[in-house]
Amino acid sequence: MIYLLTLSKKLLTSTLLALLFFTLNANAEETTVPPQAPAWQLKTQSGDTISSAQFDGQATILHFWATWCPYCKVLQPKLIELEKKYQQQGVKLVAISFNEDDGVLPQDELAARGYSFPTAVNGDEVAILYGVNGTPTTFFINKHKQVIFKYTSSDTSDPRLELAVQEIAK
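Residues numbered from 1 in each chain as written. Predicted model: local features only at pLDDT ≥ 70, side-chain atom pairs only at ≥ 80, totals over all residues. Heavy atoms only, no water.

Focus: the overall build of the protein chain
Looking only at helices and strands, the protein chain features five helices and seven strands. Going residue by residue from the N terminus, the α and β elements of the protein chain occur as α-β-β-β-α-β-α-β-α-β-β-α. The proportion of buried residues among the 170 residues of the protein chain is 39%. Nonlocal contacts in the protein chain, meaning residues at least 24 apart in sequence, comprise 71% of its contacts between residues at least 6 apart. Here the protein chain displays about 10,200 Å² of accessible surface, and carbon together with sulfur accounts for 57% of that area. (Helix = DSSP H or I, 4+ residues; strand = E, 2+ residues; numbered from the N terminus. Buried < 20%, exposed > 50% of the residue type's maximum accessible area, 1.4 Å probe, protein only. Contact = heavy atoms within 4.5 Å. Areas by Shrake-Rupley, 256 points an atom, 1.4 Å probe, with all protein chains shown as cover.)

Put into structure tokens, the structure is as follows:
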């Protein structure tokens, strides 16, 4: 009986080590080139055109949100803080509102919160283009239009937020 238990432990250990090896090996073969951010063009609440082309060559925080999203309200002050902290490096915050109820005025909602960053409206198609499944979803895009980090939480204490901004600002 002791022999069987020892054999089972050795077999389990060997299996776990093999899985770990294959997992590490598979990850090592993944590409290290970040994906390109898809181009987009939308309208603002006032009818002006806003597009990704306006941010070419700039580090961009692209924030998908909705006026009804309580988690967006939590995250937005942190995104504004990071934009201000890294403004000298050219970091810009832009938002895309999507999945809204009829008659909602997202830019007015932001203004009521004391925020002035631009937001595009009716961004449902762009959200699909970016693979956004919910709010908030925030992309950190470098000067070469590469998506460096995708964030789907509202945890403002997550150190990856600032690390992502530092990376896109390089």
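A short note on the side chain of T137
By secondary structure assignment, the location of T137 is in strand β6 (residues 137–141). Engagement of the side chain of T137 in a polar contact is seen with the backbone oxygen of G134, the distance being 2.6 Å. Among residues more than four places away in sequence, those in contact with T137 are L62, H63, F64, V132, K150, Y151 and T152. (Polar contact = N/O pair within 3.5 Å; in protein donor to acceptor, adjacent residues only side chain to side chain.)

As for the pattern of salt bridges
Scanning the entire structure with this criterion turns up six salt bridges. For R113, the salt bridge identified is with E109, shortest N-O distance 3.3 Å. On the accessibility criterion, E109 (28% relative accessible area) is partly exposed. Between R160 and D158 there is a salt bridge, with its nearest N and O atoms 2.7 Å apart. Judged by its relative accessible area of 11%, D158 falls in the buried class. (Salt bridge = Lys/Arg side-chain N within 4 Å of Asp/Glu carboxyl O.)

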